[in-house]
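# Inside the fold
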Amino acid sequence: MRNKVVTILVILVVILVPLNIKADSKAKNIKELNAELEELKRQKNINVQNKNATRSSINQKKQAIYNAYNEKQQAENDINAATNKIAECEASIEKTKGETAEILKFNELTSNENIYLEYLMAAESIADMSMRSKAISLITSYNQDQLQTLNDLIIENQRLKEELREKQNQLDVAINNYSNAIVALDNYMDELEDVGDDINEQIKNQEALIKYYKSICTSDTQLLSDCVKVLASSTLIRPLEKGVVTSPFGMRVNPLTGKTSSFHYGIDLSTTSMGVKVYSAANGMVAAVTLKSSCGGNIVYIHHNVNGVAYTTQYAHLLSVNVKVGDTVTNQSVIGYVGGAGSTLKKNGGWDTCSTGVHLHYSISKGYYLGGGANGYSSFSKFKANMIDPGKYFPARGTWFYRRY
Ligand SMILES: [Zn+2]
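Read on for a plain summary of the structure. (Residues numbered from 1 in each chain as written. Predicted model: local features only at pLDDT ≥ 70, side-chain atom pairs only at ≥ 80, totals over all residues. Heavy atoms only, no water.)

### Looking at the overall build of the protein
What counts here: Numbering of helices and strands starts at the N terminus; helices are DSSP runs of H or I of at least 4 residues and strands are runs of E of at least 2. Only protein chains enter the accessibility calculation, which uses a 1.4 Å probe; a residue whose area is less than 20% of its type maximum is buried, one above 50% is exposed, and one in between is partly exposed. Contacts: residue pairs with any heavy atoms within 4.5 Å of one another. Only the protein chains shown count as cover for residues, and the accessible areas themselves come from Shrake-Rupley with a 1.4 Å probe.
Of regular secondary structure, the protein possesses six helices and 14 strands. Sorting the 405 residues of the protein into buried and exposed places 40% on the buried side. Within the protein, contacts between residues separated by at least 24 positions form 72% of all contacts whose residues are at least 6 apart in sequence. Of the roughly 22500 Å² of accessible surface on the protein, 53% is carried by carbon and sulfur atoms.

Shown next as structure tokens:
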């Protein structure tokens, strides 16, 4: 008869407690959770494809910029060549002009002054003389043609230089456009990276959630709310029979870094020695067990239902753990043993870098979470954001307590 009453009570209370564990998931059972996971993986593939396409587009544009700079350099070389050509032509013009002047002078002399007619006089006949005279004028007109050709070359090279300068300007515009496109693609890439990280986080969480429900559900089609069996409690009590608060919840001086700015997400309870029993603070269900984490060591998370309100308690730096995920516990269940010193410490060959001595790190958070950090379904920031100060359950710092309530 009494059992029946308790069962009815439990069912009523379980219905009242909001199951925040599911968070973003709308799945009603494990099958639907798996479908959600597949969808997340599909999104991840699309994200990876987009990232690859964007990356190769960025590389193409970088290559195009590299090519444009090469073309610009080639144009610069061509401009220099044209400039040299112009200088050459100008020098040739000066030379040709000089020669022509000489020839003309000679021609003048030969046509006008008798005493310098040696060349013509050397002619053996009038015809020869006339031929010699013609040769002189031919050379002169040849030089005139040369001058014309050189002038044309100069004009041609100047035109070429202008074209090359124009080409360089166009290349500058192209380089600028490519650079702007790269900036835009880089920004898009950052967004894709963020989305990708987010999807990876969701996949990890979804997998943790599936793992959790698989350990507490009897089938893939059982309603998730039916899998969670958290016995109701009227209050949370102390997790130790004997202990002392050594570091309260909130702002404090970090014993490891010496910084005053660190926030203590929980309360530190010291006791006589390692190996002392750690109890669940209330009836509940074991939600997560983290073993040998680099900060916190062995950690247990338990879901409670205190007067219809969901809570998750956390017990860290345990020497060893007595429970597994899905275990139903009461406030008399020993879930593990106090650690935090000796062989659990990293410096002694252990694993925990976040402890300086024997203690239990204990925290209370409103809502249901599956542990913190990368191993948890709900992000550690959410878990931390909903924490409450456990201080009200304990005497002031430095004062020992000898009972659990
Ligand atoms: Zn602590």
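### A look at the coordination of the zinc ion
Convention followed: Because water is not among the atoms used, a metal site may look incomplete, as its donors are only the N, O and S atoms within 2.8 Å, or 3.2 Å for Na, K and Ca.
Binding of the zinc ion to the protein goes through His264 (NE2), Asp268 (OD) and His361 (ND1), at separations of 1.9 to 2.2 Å. Here the donor residues of the zinc ion share one chain and are spaced in sequence as H-x3-D-x92-H. Note that Asp268 is positioned in strand E5 (residues 267–270) and His361 in strand E12 (residues 360–366), a separation of 93 residues in sequence. Like His361, Asp268 is buried.

### A closer look at the state of the cysteines
To keep things clear, this is the line we draw: Criterion for a disulfide: a pair of cysteine sulfur atoms at a distance within 2.5 Å.
What the rule picks out here adds up to two disulfides. Cys217 shares a disulfide with Cys227; S-S distance 2.0 Å. As the torsion about the S-S bond is roughly 110°, the Cys217-Cys227 disulfide counts as right-handed. Of the two residues, Cys217 is situated in the loop between helix H4 (126–216) and helix H5 (224–227) and Cys227 in helix H5; the sequence distance between them amounts to ten residues. Assessed through its relative accessible area of 11%, Cys217 is described here as buried. A residue is classified by how much of its surface remains accessible, and Cys227, at 1% relative accessible area, is buried.

### Quick notes on the pairing of E12
Here is the rule we go by: Paired strands, as defined in this entry, are two strands with at least two bridges between them according to DSSP.
Counting buried positions along E12 gives six out of seven residues, so the element sits mostly inside the fold. Bridging between E5 and E12 involves three bridges; their strand directions are antiparallel. Along E12, the bridge assignment pairs Leu269 with Leu360. Bridge analysis of strand E9 (residues 309–321) against E12 gives six bridges, and the strand direction is antiparallel. Paired with Tyr311 across the two strands is Lys366, which belongs to E12.

### Section: a negative patch on the surface
The condition is simple: What makes a patch is a set of residues exposed beyond 30% relative accessible area and free of salt bridges, joined within 9 Å when like-charged and within 5 Å when nonpolar (Val, Leu, Ile, Met, Phe, Trp, Tyr). Salt bridges are counted wherever a side-chain nitrogen of Lys or Arg sits within 4 Å of a carboxyl oxygen of Asp or Glu. For the charge count, each Lys or Arg is scored as positive and each Asp or Glu as negative, with His and the chain ends excluded. To locate a charge, take NZ of a lysine, CZ of an arginine, CG of an aspartate or CD of a glutamate.
Taken together, the side chains of Asp186, Asp190, Glu191, Asp194, Asp197, Asp198 and Glu201 present a region of like negative charge at the surface. The exposure class of Glu201 is partly exposed, given its relative accessible area of 30%.

### Regarding the side chain of Thr271
For the record, the criterion: Throughout this description, a polar contact denotes any pair of N or O atoms lying within 3.5 Å of each other; where both atoms belong to protein, one of them has to be capable of donating a hydrogen while the other can accept it, and for residues adjacent in sequence the pair is counted only when both atoms sit in side chains.
Tracing the chain through its elements places Thr271 in the loop between E5 and strand E6 (277–279). Only 3.1 Å separates the side chain of Thr271 from the backbone oxygen of Lys242, close enough to count as a polar contact. With near-sequence residues (within four places) excluded, Thr271 lies in contact with Leu240, Lys242, Gly243, Val276, Val338, Val358 and Trp400.

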